[in-house]
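Each chain, letter by letter, is given below.
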Amino acid sequence: MKEMHECVVLVAGSSRGLGAVIASDLEGQGATVLRHGSRDFDVGDFAAVRRGVEAIGPIDILINCASQLDTERVDDLPPERWQAVLQSTLFGTFHLCQVVIPGMRRRGFGRVINFGCVGCDRVYHATHSVAYRIAASGNLSLTRAFAQLAFADGVTVNLIAPGHMENTVGQPDVTKLP
């Protein structure tokens, strides 16, 4: 197990909200934190993720907070918004895990924390935020699959499923939780 001051951490989705708070906390613990925002590279684009991660170098801890939330009813959701939510929230997690975890496995150490949402472990019917709920449930399935494949090589892959946090939804540059 590495000490936090020895770790390079990539926090995807750390330009605001929960990702910003996590990045700040890890910096306070002495980690080298690479803050990723949508302007750095598009996590929904596999080639961009590969280029971005190669430029960064070895990553010890990956935290996948990058996401978009759809609040529209599913019958009012424009197709391009549906795609954007899935690209950042589900495809982004898949792309980053697929690019980062092999290096962790080769080095014999790594920690991955993905994000879902409360209820992502069960199917229930809702009329709003359907794309986000699908992405969050998909992240749970991805997490379980990557965890099963990487555990023997010293890499753990877990998912946190927080509930709704009013101080992070739609708020720019949140840096502290109450």
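Residues numbered from 1 in each chain as written. Predicted model: local features only at pLDDT ≥ 70, side-chain atom pairs only at ≥ 80, totals over all residues. Heavy atoms only, no water.

## Some points on the sheet that holds strand β3 (residues 61–64)
Then, number 1: On the basis of which strands lie adjacent, the open sheet formed by five strands has the order β2-β1-β3-β4-β5 and parallel pairing. Strand pairing shows two members of the sheet lacking a second neighbour, β2 (32–36) and β5 (155–160), which therefore form its edges. Adjacent strand axes in the sheet meet at a mean angle of 15° when their direction is disregarded.
Then, number 2: Of the strand pairs in this sheet, strand β4 (residues 110–115) and β5 are connected by six bridges, and their pairing is parallel. Counterpart to I113 in the pairing with β5 is N158.
Then, number 3: Contacts between helix α1 (residues 17–28) and the sheet are confined to β1 (8–12), β2, β3 and β4, with β2 contributing the most and set at about 165° to the helix.
Then, number 4: Strands β4 and β5 of the sheet are contacted by helix α4 (residues 130–150), whose axis makes an angle of about 165° with β5. (Pairing = 2+ DSSP bridges. Helix = DSSP H or I, 4+ residues; strand = E, 2+ residues; numbered from the N terminus. Axes fitted to C-alpha atoms, helices over the stretch in contact; angles between N-to-C directions. Contact = heavy atoms within 4.5 Å.)

## Section: the nonpolar core
Then, number 1: By size, the foremost hydrophobic cluster in this structure holds 25 residues, and its most contacted members are V49, V53, L62, L96, I101, M104 and V112.
Then, number 2: Broken down by element, this core gets its largest block of residues, eight residues, from helix α3 (residues 79–107).
Then, number 3: With sequence-adjacent residues up to four places away left out, V112 is seen in contact with L62, N64, C97, I101, M104, T156, V157 and N158.
Then, number 4: Core analysis: the second largest hydrophobic core is formed by 14 residues, V11, I61, F109 and F115 among them. (Core = buried A, V, L, I, M, F, W, Y, C linked by side-chain atoms within 4.5 Å. Buried < 20%, exposed > 50% of the residue type's maximum accessible area, 1.4 Å probe, protein only.)

## Details of the side chain of S88
Then, number 1: Topologically, S88 is positioned in helix α3.
Then, number 2: Sequence-distant contacts of S88, defined by excluding residues within four places in its chain, comprise V43, A66, S67, Q68 and T93.

## Notes on the packing of α3 against α4
Then, number 1: Where α3 meets α4, the axes come as close as 8 Å, and the angle between the chain directions of the two elements is 10°. As judged from the angle between their axes, α3 and α4 are roughly parallel. Judged by residue contacts, W82, V85, L86, T89, L90, T93, F94, C97, Q98, I101 and R105 of α3 engage V130, A131, Y132, I134, A135, G138, N139, L142, F146, L149 and A150 from α4.
Then, number 2: The residue inventory of the contact of α3 with α4, partitioned by class, reads 16 nonpolar, five polar and one charged. (Parallel < 35°, antiparallel > 145°, perpendicular 65-115°, else oblique. Nonpolar A, V, L, I, M, F, W, Y, C, P; charged D, E, K, R; others polar.)

## Comments concerning α1
Then, number 1: The end-to-end C-alpha distance of α1 is 17 Å, a good match for the 16 Å that 12 residues give at a rise of 1.5 Å each.
Then, number 2: Regarding α1, the residues found buried are G17, L18, G19, A20, V21, I22, A23 and L26.
Then, number 3: Of the surrounding secondary structure, the elements contacted by the buried residues of α1 are β1, β2, β3 and β4.
Then, number 4: With its phi angle positive at about 95°, G30 sits one or two positions after the end of α1. (Expected span 1.5 Å × (residues − 1).)

## Considerations on the pairing of β3
Then, number 1: Along β3, one buried face is formed by I61 and I63 and the opposite face, lined by L62 and N64, is buried too.
Then, number 2: One ladder, built from four bridges, connects β1 with β3; its direction is parallel. Considered in β3, the bridge of A12 is made with N64.
Then, number 3: One ladder, built from four bridges, connects β3 with β4; its direction is parallel. Across the sheet, I61 pairs through a bridge with R111, a residue of β4.
Then, number 4: Between the parallel elements β3 and β4, the chain passes through α3 in a crossover that is right-handed. (Right-handed = clockwise from strand over helix to strand, strands pointing away.)

## Comments concerning the environment of R39
Then, number 1: Structurally, R39 can be placed in the loop between β2 and α2 (46–56).
Then, number 2: With 24 residues separating them in the primary sequence, R39 and S15 have C-alpha atoms 9.4 Å apart.

## Structural notes on the environment of Q68
Then, number 1: Along the chain, Q68 falls in the loop between β3 and α3.
Then, number 2: When the C-alpha atoms of Q68 and T89 are compared, they prove to be 6.2 Å apart, with 21 residues separating the residues in sequence.
Then, number 3: Setting aside anything within four residues of it in sequence, one finds Q68 in contact with R81, A84, V85, S88, T89 and Y132.
Then, number 4: Side chain to side chain, Q68 and R81 meet in a polar contact 2.5 Å long. (Polar contact = N/O pair within 3.5 Å; in protein donor to acceptor, adjacent residues only side chain to side chain.)

Take it as geometry only, folks, not as evidence of what the structure does.
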